[in-house]
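Fold and contact review
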Amino acid sequence: MNISGRLCVVVGGGLVAERKVGGILNADGLVRVVSPVVTPGLATLAEHHTIEWLQKDYSQPDLDGALLVFAATNNSHVQQAVCRDARMAGLLINVADTPEACDFQVPAVVRRGELTLGVATNGASPAVAAMVRRRLEQEFGEVYGVLTVLAGLIRVQLLAEGRESGEVKLLFEKILCDDIVQWLQQQRWDEVQQHVETILGWSPGMVREVLNKVIS
Ligand SMILES: C[C@@]1(CC(=O)O)c2cc3[nH]c(cc4nc(cc5[nH]c(cc(n2)[C@H]1CCC(=O)O)[C@@](C)(CC(=O)O)[C@@H]5CCC(=O)O)C(CC(=O)O)=C4CCC(=O)O)c(CCC(=O)O)c3CC(=O)O
Ligand SMILES: NC(=O)C1=CN([C@@H]2O[C@H](COP(=O)(O)OP(=O)(O)OC[C@H]3O[C@@H](n4cnc5c(N)ncnc54)[C@H](O)[C@@H]3O)[C@@H](O)[C@H]2O)C=CC1
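To keep things clear, this report deals only with the structure shown in the data block. Note that residues are indexed from 1 along each chain, following the sequence as it is written. Ligands are numbered from 1 and chains lettered from A, in the order in which they are written. Two thresholds apply to this predicted model, a pLDDT of at least 70 for residue-level local features and 80 or more for giving and counting side-chain atom pairs, whereas whole-chain, interface and lining totals are computed over all residues. The side-chain values count all of the structure's non-hydrogen atoms but skip hydrogen atoms and water molecules.

**A word on the overall build of the protein chain**
Only DSSP runs of H or I with at least four residues qualify as helices, and only runs of E with at least two residues qualify as strands; both kinds are numbered from the N terminus onward. Within the protein chain one finds 9 helices and 7 strands. Whereas a compact globule of 216 residues would reach a radius of gyration of roughly 17 Å, the protein chain reaches 22 Å, over 25% beyond that. Projected onto the principal axes, the alpha-carbon positions of the protein chain cover approximately 65 × 35 × 35 Å. Burial status across the protein chain gives 37% buried among its 216 residues. Between two residues, a contact is recorded if the distance between any of their heavy atoms is within 4.5 Å. Restricting to contacts in the protein chain with at least 6 residues of sequence separation, those with at least 24 account for 48%. Surface exposure here means Shrake-Rupley accessible area, sampled with a 1.4 Å probe, where a residue is shielded only by the protein chains that are shown. Accessible surface, the protein chain as shown: approximately 12,600 Å² in total, 52% of it carbon and sulfur. Only C-alpha atoms enter the radius of gyration, while the globule expectation follows 2.2 Å times N to the 0.38, with N the number of residues. Partly exposed describes any residue whose relative accessible area lies between the buried limit of under 20% and the exposed limit of over 50%, with all areas from a 1.4 Å probe on protein chains only and scaled to the type maximum.

Below, the structure is given as structure tokens:
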């Protein structure tokens, strides 16, 4: 889902709310927090105007303009009220303490530029989702963001050349070998250049142009 520039309302200001806010900001969403009290982390974000903070108890108009709603208070009556109001307004809601009431659940996420890895357990064990996320962070370092930029630039060019999708698929099977990750990691650009040139039959200048964009 693309929430870039769209308003997400988080009701509650504890550590759970803070984590949901972090996820929304990482996805470039806009945040409104509604809570009489918030964590120091959320207070700092509000001071810097990174988020809007309505320092009050929740009421229905707080949801105005929202795309998504997160109910993250420690009060079940408030949770139910937020849930009911969101449903009435046709908004999608995440209810932190009631998985079965969620229209959507929040996965554990690793971001590497354009590449996003999400881990979900359908609510069975968020702790397992977090554990797998930590392992993925180790396995898939920043180099995968670089790889994604490179492959994206090559792909745009191949599509502009009018190559058919079957051919594009086969070319990427060859380009995305295990070695390329290591070459990028070690900044062995000559090897990357040679590899891409051989597979695509592009001129050295054309490949260099793409690599320069990746390096910059
Ligand atoms: C259904 C869901 C709804 C939603 O919130 O979207 C939900 C519900 C609940 N979580 C609870 C507990 C914990 N949640 C975490 C952590 C995370 N919880 C997240 C998502 C989700 N949690 C959705 C399902 C996702 C899925 O499994 O697919 C993550 C992945 C994403 C995020 O929140 O950003 C984030 C890890 C992020 C990361 O580290 O990368 C920890 C661990 C910790 O805090 O370190 C604990 C304690 C250990 C444990 O219980 O496992 C409780 C009991 C509350 C209580 O006991 O009061 C409920 C309610 C219930 O189950 O009834
Ligand atoms: N989904 C998840 O990932 C997890 C969910 N939970 C659940 O999430 C909920 C919140 O957990 P914490 O952040 O640790 O709680 P917390 O007790 O630290 O924070 C609760 C927040 O709710 C706010 N609040 C209370 N009444 C309010 C009202 N009328 N209007 C607006 N805000 C109000 C308080 O000001 C406070 O900021 C709990 O119900 C907990 O069971 C807990 C762990 C993980």
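Still more ground to cover, so stick around.
**Things to note about the site of ligand 2**
Only heavy atoms are used to decide nearness, and a residue is near a molecule or strand if one of them lies within 4 Å of it. The environment of ligand 2 is formed by 20 residues, the closest being G13, V16, R19, S35 and Y58. G14 is positioned with one of its backbone polar atoms (N or O) 3.2 Å from an oxygen atom of ligand 2. In protein, a polar contact requires one atom able to donate a hydrogen and another able to accept it; more generally it is a pair of N or O atoms within 3.5 Å, and residues adjacent in sequence count only if both atoms are side-chain atoms. Between N74 and ligand 2, the recorded distance is 3.1 Å, taken from a side-chain N or O atom to an oxygen atom. Contact with the protein chains removes 67% of the 870 Å² of surface that ligand 2 exposes when unbound. At 4 residues, the largest contribution of residues to the shell around ligand 2 is made by helix α1 (residues 15–26). All residues other than Ala, Val, Leu, Ile, Met, Phe, Trp, Tyr, Cys, Pro, Asp, Glu, Lys and Arg, Gly among them, are scored as polar; the first ten of these are nonpolar and the last four charged. A breakdown of the residues in the shell around ligand 2 according to their chemical character gives 10 nonpolar, 6 polar and 4 charged.

**Quick word on the pattern of salt bridges**
Here, a salt bridge means any Lys or Arg side-chain nitrogen found within 4 Å of an Asp or Glu carboxyl oxygen. What the rule picks out here adds up to 9 salt bridges. Linking E161 and R163 is a salt bridge whose minimum nitrogen-to-oxygen distance equals 2.8 Å. For E167, the salt bridge identified is with R163, shortest N-O distance 3.0 Å.

**Some remarks on the environment of A127**
Locating A127 in the fold gives a position in helix α4 (residues 126–139). With a relative accessible area of 54%, A127 lands in the exposed category. When the C-alpha atoms of A127 and F172 are compared, they prove to be 35 Å apart, with 45 residues separating the residues in sequence.

**Side note on the site of ligand 1**
K20, N94, V106, T121 and R133 are the nearest of the 18 residues found near ligand 1. The contact in question runs from an oxygen atom of ligand 1 to an N or O atom on the backbone of G123, over 3.3 Å. Between ligand 1 and R133, the relevant distance is 2.7 Å, taken from an oxygen atom to a side-chain nitrogen or oxygen of the residue. Compared with its free state, where it exposes 1,100 Å², ligand 1 has 63% of that area covered by protein. Within the residue set of the shell around ligand 1, elements represented by two or more residues are α1 and α4. Per-element tally for the shell around ligand 1: the top contributor is α4, with 4 residues. Here the residues of the shell around ligand 1 sort into 9 nonpolar, 5 polar and 4 charged. Where each domain starts and ends follows an automatic or database-derived domain assignment. Viewed by domain, the shell around ligand 1 spans two of them, domain 1 (7–106) and domain 2 (108–139), each represented by three or more residues.

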